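What follows is each chain in one-letter form.
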Amino acid sequence: MKITNHIKEKTLTISLDGELDASSSVMLDEELSKPEIMLFSKILVDCENLNYISSAGLGVFISHLQRFEDAQIKLIFFNMQEKVRNVFEILGLDLLMTIVSSYDEAMTVANE
Amino acid sequence: MNNWITISCNKKNLKVVRDFVTDFLAPYDLPEVLLNQITLAVDEITANVIIHSNKEDDSKFLKLTITPKEDCFLFEIADKGISFDRSSYVEPDVRDFVRIGKKGGVGFALVNRIMDKVEFTSQGSNNICRLYKRVR
């Protein structure tokens, strides 16, 4: 699992590359737990190269979602592969989280 | 290709299990989403066996066997750790998990929703989880 951060003003874009399972999701959890992440108003998660997600990976997002919402930080996923999106859908997480198709759409939603 | 694999109870071996499942199923040309679902369900049970049943003890092992049946695949995960008590399992409400910031506990819900039948048996110290998935 490779995590790359790109910062532009108050927007943090996190690019995920690889597979998020019970072993690798610890790294993502550490990233989202950093205190400085609360300084951003938008967190965009680029899932183009996210090839796999298990419940452990979903659990990381589930555990931070409310904290981000309470701080009025928008968490938006984009470029998600169909097989990965399907895993979110099985649990109904696509209804609780914002998943859009492209970076442009993510920025539009982020700026609403 | 063998229809079984044995791994030690280390989370790093989850990738080995997923690769084994996808390689074994490759000749069957399953749709990508279905193949990912099956791999995910096996990964979830394997992760539970490694983490909860065997406490990530590298000296312990589990065996995964895949058997193609007439209209389905059977996945058997066998180990000698602490057996899973299905009677105490409660289907999670994901909205509650979001509200309280809960990190784990949705893996078995995925397995239940993906697989057509899920069985757990224990005899002495031997536990077997059987997952059945129809593909036709």
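Everything below is about the structure printed above this text.
What counts and how
- Residues numbered from 1 in each chain as written.
- Chains lettered and ligands numbered in written order.
- Predicted model: local features only at pLDDT ≥ 70, side-chain atom pairs only at ≥ 80, totals over all residues.
- Heavy atoms only, no water.
- Axes fitted to C-alpha atoms, helices over the stretch in contact; angles between N-to-C directions.
- Helix = DSSP H or I, 4+ residues; strand = E, 2+ residues; numbered from the N terminus.
- Parallel < 35°, antiparallel > 145°, perpendicular 65-115°, else oblique.
- Left-handed = near helix turned anticlockwise from the far one by under 90°.
- Contact = heavy atoms within 4.5 Å.
- Nonpolar A, V, L, I, M, F, W, Y, C, P; charged D, E, K, R; others polar.
- Salt bridge = Lys/Arg side-chain N within 4 Å of Asp/Glu carboxyl O.
- Pairing = 2+ DSSP bridges.

A. Structural view of the packing of helix H2 (residues 32–53) of chain B against helix H4 (residues 107–114) of chain B. All names here are of chain B. Between H2 and H4, the least distance of the axes is 9 Å, while the angle of their chain directions is 140 degrees. With respect to their mutual orientation, H2 and H4 come out oblique. In this structure, the crossing between H2 and H4 has a hand that is left-handed. Facing H2, whose interface residues are Gln37, Ile38, Leu40, Ala41, Glu44 and Ile45, H4 presents Gly107, Phe108, Leu110, Val111 and Ile114. Grouping the constituent residues of the contact of H2 with H4 by class yields eight nonpolar, two polar and one charged.

B. Expanded view of the pattern of salt bridges. Scanning the entire structure with this criterion turns up 15 salt bridges over all chains. Close ionic contact of A:Lys83 with B:Glu32 constitutes a salt bridge, the shortest N to O distance being 3.6 Å. In this pair, A:Lys83 is assigned in helix H3 (residues 82–90) and B:Glu32 in helix H2, connecting two distinct chains. When salt bridges that share partners are traced, they join A:Glu19, A:Asp21, B:Lys15, B:Arg18, B:Asp19 and B:Asp43 into one network.

C. Representation of the sheet that holds strand S2 (residues 11–20) of chain A in the model. All names here are of chain A. Read from one edge to the other, the open sheet built from five strands follows the order S1-S2-S3-S4-S5, with strand pairing classed as mixed. Here the strands that pair on one side only, and so sit at the sheet edges, are strand S1 (2–8) and strand S5 (98–100). Taken over all neighbouring pairs, the strand axes of this sheet differ in orientation by 25 degrees on average, direction set aside. Bridge count between S2 and strand S3 (residues 42–53): nine bridges; the pairing is parallel. For leucine 12, the partnering residue across the bridge sits in S3 and is isoleucine 43. Contacts between helix H2 (residues 55–70) and the sheet are confined to S2, S3 and strand S4 (74–78), with S3 contributing the most and set at about 170 degrees to the helix. Running over the sheet, H3 touches S3, S4 and S5 and is turned about 110 degrees from S3.

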